[in-house]
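# Reading the structure
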Amino acid sequence: MSSFEILSANMKKKIWDMKWDRFTPIQEKTIPIIIHTKKDVIISSGTASGKTEAAMLPVLSLIEKEARNALKVIYISPLKALINNQFERIDKLCEYSDIAIHRWHGDVSQSKKEKFLKNPTGILQITPESIESLFVNRTNQLKASFKEVEFIVIDEIHSFFDNARGVHLRSLLSRLTNYTTVPPRIVGLSATIENFDLVKNWVNYANPGNVDIVEVKGSDKELMFHLMHIPSDTSLLPLELFEDIRELIRHQKSIIFCNNRGQVEETTVALNRLAAREGMGETYYPHHSSIDKKEREYVEKVMSESTHPKSVVATSSLELGIDIGNIEVVIQIDSTYSVSSLKQRLGRSGRKRDAAQMLQLYSTDDDSLVQSLAVMELIIEKWVEPSKGYLYPFDVLFQQLISISQEHNGIPLEELMGKIKRNDIFHELPLDDVEHLIQHMIDKEFLEIVRGSQEIIVGLEGERILRSKDFYAVFLSTEEYEVMEGIKKIGRLDKAFIINIGDHIILGGRLWSIKDIDYDRNKVYVTKAASGKKPAYTGGPGSIHKKIAEKMMEILCSEKVFTYVNASAMIALNEISKKYWMNKVTSEQRVIWIDKDEGIFESYTGTTITKTLVWMLRYFGVGAKVKDGIGRIAITKPNATTDILHQIKNKQWTAEELLPYIEEHELFQSKYTEQIGPHLQVKMHIANEINIEETVEYLKQYQFRTILVGN
C-alpha cells in the first residue's frame, strides 16, 4: 500500500483539501515507518521539506480515535514562537479529527492551563522549561495528565544535543515515563544532523537500534549565492554595505542575519534611513531576544502578512523555523561560526515550490572574508558539524536533584540514586561523583536529610533557588534592565553596557534618550530621540570546529579564484595570502610569526584544541593566550616554540597537569557550576574544554615553522 493509503480517512480527506498531488521524499519515507513500526524516529531533511507533516500525518492517524479522551502527544519546541507557529499548522491537520491542541508556556493564561489539566486530551505543545514547571508545581496531576501519552515529538531536535538545555530536556522526558502507561515513542525533526550514533543514544540509550534515522540529503532546490567584501576601518559597519543591501532587496522580502544584537540595531536604523530618503515608510524590522516579546510578535505578523517588500534584521532568533512568510533572499553580514548555522539560515529562503534559495554574504574585515569563504565552501561540500554532546552534566544534575526532591516531597537516598542510575541522560555519570554531589548539596544546605525518616528534601538554600523565577531554565541569563517608554515595554539592556541619564541609544530599531534609571527595580525610562548608538550585549564569538579553521588555512595557501565573490574580495584575499605565498607556506604547515620577542602562533584549528595548546604552552613556561576566535595564540619565547611544540607532542599528558595553568576566567562556566563545587567543576572543564588526544594528533599532523614578520 502507498503512504497515502495507510493514513486515516480524516488525514486523507485533509490532504485532498490541501490539493497535494504528491508527498515530498521525506514524507514518503517517514509515514510507513511511524505507522508500521514501534520505533523511535529521527526525521532529517532540508528546511521546507515537509518534516512537520511527515511526522504528524501518521501520528495523528494512529492516535485520533483515543485523542478525543486522553492526551496522546507531547509536542516539544525550543521556542514559544515556534509553538505558536506550529499550533495553527497542526490545528489545520486536525480539522476533521476533533483533536484538541493545547499550548503551555509562560505566555499562556492560567485559565487555559487549568482547563487543560481538568481535561487533558489530544496534543500538548510545550517548552522544556514548562515541563519542569509541571514537575515542580503540578506533581499531583502528572499521572492523570500523562498516563496515556504515546508520542513525544521534538521540533528542531538538533538544538538540544550539545548543551545543558538538551540534557535538561532528556532528563525531564526520562522522568516523565514514570507517569506513562507505556514508554512514549520519540519523533525528532531537524534540518541539520550529523553523528547519528550520538543522536540514537540521546533518544534511546537502552536500545539505540530501535531508533530509525530517516534522512533525505541535500535539496533539489537551486542554491544561488554571492559574497561581497566591503571592508570597514572602524567598529561600525560601512555605509556602502547598507547601500548595497538596500539596492539588492528593494523589491524583495528578506532576512538579514547579524552575529550580535547591537549590529541588528545598527543595521535596522541605517537601512530605514536609506528607505526614508526614498520616501518609503518603515521597511526594516529588528528581531532579537532583547526586544520585547510583543514587539517581536508584531514583526513576525507584519512579515508573514505583508504583500509588500519588507525585511527583518535578526540574530539567531530567526534561525529556527518561525514562520514569517516566503523569504526570497537571505543575507548574512560577516561569517557565522558554524556551517550548520549558515545552513539553517539559508534554508529560510526558497520555500515556495520551484523557488531557488538565494544567499548574499557580506564580509567587513579580513578574517571574516576568509572565514565566510571557508564556511561557504563547506556548505558546497555538504559538510556540517557533527553533534558532540554535553559531557559530565553535573550542573544540570544539581538542578534536577532539587527538582526530583521537590517532586517527591522527600525521597530516600537509595531511591534517589536509583532514579539517577536509570535516567536516560545521567546513567553514565560515575556513581561516586553523583554521591559526592548529593553530599556536597547536603553540606551546603541545597538538600536536607529529614531526621527520623532519613528522606532527602529541598534544603533552605535549595528553596532559595527553587523559588526563583529562573529555576525552570538551566541556561545562563545575564542581568538586564527593562527599557520602558511610559508603560510600554521596549526591550532589555545588558547591565554590562554602561549607561547614564542623557545617553542616546538604539533599541527595537528606534532611537531613544534615557530620561531616568531606576536601579532598585532594574528599569530604564526613555523618550524618543533623533540619534543613538548601538547597545552592547555580553557574549563573545562562538566556538569553531577544526574543519572550518583548516579550510581557512587551505584557502590562504591556495591560489584559487572564487567565482562567487566581488573584485574587492579577490583583491583583499590575494593581499592576505601574499605572505603565505612568498614564504611558500602550505596547508600542511602552521606558522609562528615572530616580531622581536613576541610572536603570533596561527594554529588554524578548532577552539578546543587551541585552548588546550595554550595551557600546554604555559606548562612549558611560554606566556600564551588566545588572541581571537580563529586560533591565533599570542606567545612569548617565539623562537623556542617549535622545540616546545615537539616536546608537547612527545609528552604523555594527563589533563590534571594542565589545571594550574588555567586562569579562573578560562574555567568552564554554566548556570550552576559555582554551586556544584570545585571538584566537579574541574571534571566538567576537563570533559568539555580539554582534548589532549586531538591536540597531540594535531601536532603530529602539521609541520610548524617560525617566520620573521616582514619576510
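Above this note sits the structure.
Residues numbered from 1 in each chain as written. Predicted model: local features only at pLDDT ≥ 70, side-chain atom pairs only at ≥ 80, totals over all residues. Heavy atoms only, no water.

## A look at the overall build of the chain
- On a plain count of helices and strands, the chain comes out with 24 helices and 26 strands.
- Relative to the compact-globule value of 27 Å for 711 residues, the chain shows a C-alpha radius of gyration of 27 Å, a close match.
- In terms of overall dimensions, the chain has C-alpha extents of about 75 × 70 × 65 Å along its principal axes.
- Across the chain, contacts joining residues at least 24 apart in sequence account for 73% of those joining residues at least 6 apart.
- Carbon and sulfur atoms make up 49% of the accessible area of the chain, which totals about 31,700 Å².
- For the chain, the centre of its 89 positive side-chain charges and the centre of its 98 negative side-chain charges are spaced 4 Å apart. (Helix = DSSP H or I, 4+ residues; strand = E, 2+ residues; numbered from the N terminus. Rg over C-alpha atoms; globule rule 2.2 N^0.38 Å. Contact = heavy atoms within 4.5 Å. Areas by Shrake-Rupley, 256 points an atom, 1.4 Å probe, with all protein chains shown as cover. Lys, Arg positive; Asp, Glu negative; His and termini not counted. Charge placed at Lys NZ, Arg CZ, Asp CG, Glu CD.)

## Comments concerning the packing of helix 14 (residues 366–380) against helix 19 (residues 546–557)
- Following both chains from N to C, one finds helix 14 and helix 19 inclined at 110°, their axes separated by 8 Å at the closest point. The orientation of helix 14 with respect to helix 19, classified from their angle, is roughly perpendicular. Our pair here, helix 14 against helix 19, has a crossing hand that is right-handed. On the side of helix 14, the interface is formed by Asp367, Val370, Gln371, Leu373, Ala374, Val375, Glu377 and Leu378, while helix 19 contributes Lys547, Ile548, Lys551, Met552, Ile555 and Leu556. (Axes fitted to C-alpha atoms, helices over the stretch in contact; angles between N-to-C directions. Parallel < 35°, antiparallel > 145°, perpendicular 65-115°, else oblique. Left-handed = near helix turned anticlockwise from the far one by under 90°.)

## Brief notes about the sheet that holds strand 24 (residues 624–626)
- Taken together, 5 strands build an open sheet; the order of strands is 24-25-23-22-26 and the sheet is mixed. Each edge of the open sheet carries a strand with a single partner, namely strand 24 and strand 26 (703–708). Taking the axes of each pair of neighbouring strands and ignoring which way they run, one obtains an average angle of 25° across the sheet.
- As defined by bridge partners, strand 22 (residues 589–595) adjoins strand 26 across 6 bridges and the pair is classed as parallel. In the sheet register, isoleucine 594 faces strand 26, and the bridge partner there is leucine 708. (Pairing = 2+ DSSP bridges.)

## Things to note about the sheet that holds strand 4 (residues 122–126)
- One open sheet accounts for 7 strands, arranged 3-4-2-5-6-1-7; its pairing is parallel. Pairing within the sheet leaves two strands with one partner each, and these edge strands are strand 3 (101–104) and strand 7 (211–215). Ignoring strand direction, the axes of neighbouring strands in this sheet form an average angle of 15°.
- Note: strand 1 (residues 40–44) against strand 7, 5 bridges, orientation parallel. Note on strand 7: the bridge partner recorded for valine 41 is aspartate 212.
- Along the sheet, helix 2 (residues 25–36) contacts strand 1, strand 5 (151–154), strand 6 (185–190) and strand 7; its crossing angle with strand 7, the most-contacted strand, is approximately 160°.

## Things to note about the pattern of salt bridges
- Counting across every chain of the model gives 43 salt bridges.
- For lysine 488, the salt bridge identified is with glutamate 295, shortest N-O distance 3.5 Å. Taken as a pair, lysine 488 in strand 18 (residues 488–494) and glutamate 295 in helix 12 (residues 293–305) lie far apart in primary sequence, 193 residues in all.
- The closest approach of N and O atoms between glutamate 479 and lysine 495, which form a salt bridge, is 3.7 Å. Here lysine 495 lies in the loop between strand 18 and strand 19 (504–507) and glutamate 479 lies in the loop between helix 18 (460–466) and strand 17 (480–485), a separation of 16 residues in the sequence. (Salt bridge = Lys/Arg side-chain N within 4 Å of Asp/Glu carboxyl O.)

## Observations concerning helix 5 (residues 110–118)
- Here helix 5 has its buried residues at Lys113, Phe116 and Leu117. For helix 5, the buried positions fall inside an angular range of 100° around the axis, keeping them on one side. Across from the buried face of helix 5, at angles greater than 90 degrees, the exposed residues are Ser111, Lys112, Lys115 and Lys118.
- The secondary structure elements touched by the buried residues of helix 5 are strand 2 (71–76), strand 3, strand 4 and helix 7 (142–146). (Buried < 20%, exposed > 50% of the residue type's maximum accessible area, 1.4 Å probe, protein only. Arc of directions from axis to C-beta.)

## Comments concerning the nonpolar core
- Counting 67 residues, the largest nonpolar core has Ile74, Phe146, Ile154, Trp202, Leu397, Phe398 and Ile438 as the members making the most contacts within it.
- The element that contributes the greatest number of residues to this core is helix 15 (residues 394–408), accounting for 7 residues.
- Sequence-distant contacts of isoleucine 154, defined by excluding residues within four places in its chain, comprise Ile76, Phe160, Leu169, Leu173, Ile186, Val187, Gly188, Leu189 and Trp202.
- Of all hydrophobic cores here, the second largest spans 54 residues; its members include Val375, Leu378, Ile555 and Leu556. (Core = buried A, V, L, I, M, F, W, Y, C linked by side-chain atoms within 4.5 Å.)

## Structural notes on the packing of aromatic side chains
- Counted according to the given criterion, the structure contains 22 aromatic pairs.
- Relative to phenylalanine 668, the ring of tyrosine 390 has its centre 6.1 Å away and its plane inclined at 55°; by these criteria the two rings are tilted. Of this pair, tyrosine 390 sits in the loop between helix 14 and helix 15 while phenylalanine 668 sits in the loop between helix 22 (641–650) and helix 23 (678–689); the two residues are 278 residues apart in sequence, bridging distant segments of the chain. In this pair, the class of tyrosine 390 matches that of phenylalanine 668, namely buried.
- By the ring-pair criterion, three or more aromatic residues cluster together here, those being Phe601, Tyr698, Tyr702 and Phe704.
- In this arrangement the basic side chain of arginine 103 is found over the ring face of phenylalanine 87, its NZ or CZ atom lying 3.9 Å from the centre.
- Its guanidinium or amino end placed over the ring of tryptophan 202, arginine 170 lies 5.7 Å from that ring's centre, counting from NZ or CZ. (Phe/Tyr/Trp six-rings, centres within 6.5 Å; stacked < 30°, edge-to-face > 60°. Lys NZ or Arg CZ within 6 Å of the ring centre and 35° of its normal.)

## Observations regarding the side chain of asparagine 688
- Looking at the element boundaries, asparagine 688 is found in helix 23.
- A distance of 2.9 Å separates a polar atom in the side chain of asparagine 688 from the backbone oxygen of methionine 684.
- Not counting the four nearest positions on each side in its chain, asparagine 688 is found in contact with Tyr390, Leu391, Thr608 and Phe668. (Polar contact = N/O pair within 3.5 Å; in protein donor to acceptor, adjacent residues only side chain to side chain.)

## With respect to the packing of helix 22 against helix 24 (residues 692–701)
- It is the contact of helix 22 with helix 24, at a shortest axis distance of 9 Å, that shows an interaxial angle of 130°. When the axes of helix 22 and helix 24 are compared, the pair comes out oblique. Crossing hand, helix 22 versus helix 24: left-handed. Along its contact with helix 22, which presents Leu645, Ile648 and Lys649, the element helix 24 presents Val696, Leu699 and Lys700.

## Here's the deal with the pairing of strand 25 (residues 632–636)
- In this structure, strand 23 (residues 598–602) lies alongside strand 25, joined through 5 bridges in antiparallel fashion. Across the sheet, phenylalanine 601 pairs through a bridge with isoleucine 633, a residue of strand 25.
- Pairing of strand 24 with strand 25 involves 3 bridges; the strand directions are antiparallel. Residue pairing in the sheet places lysine 625 in a bridge with alanine 634 of strand 25.
- Linkage of strand 24 to strand 25, two consecutive antiparallel strands, is achieved through a turn of 5 residues, within which glycine 631 is found at a positive phi near 100°.

## Regarding unusual backbone geometry
- Located in the positive-phi region is aspartate 98, a residue other than glycine, with phi close to 60°.
- Within the secondary structure, aspartate 98 is located in the loop between helix 4 (80–93) and strand 3.
- You can call aspartate 98 exposed: its relative accessible area is 57%.
- Phi at aspartate 334 is positive, roughly 65°, even though this residue is not glycine.
- Its location among the elements puts aspartate 334 in the loop between strand 12 (329–333) and helix 13 (339–346).
- Owing to a relative accessible area of 11%, aspartate 334 belongs among the buried residues under this scheme.

## Quick word on the environment of glycine 623
- Within the secondary structure layout, glycine 623 lies in the loop between helix 21 (607–619) and strand 24.
- In sequence terms glycine 623 and leucine 659 are 36 residues apart; their C-alpha atoms lie 15 Å from each other.
- Contacts of glycine 623, omitting those with residues within four sequence positions, involve Ala634, Ile635 and Thr636.

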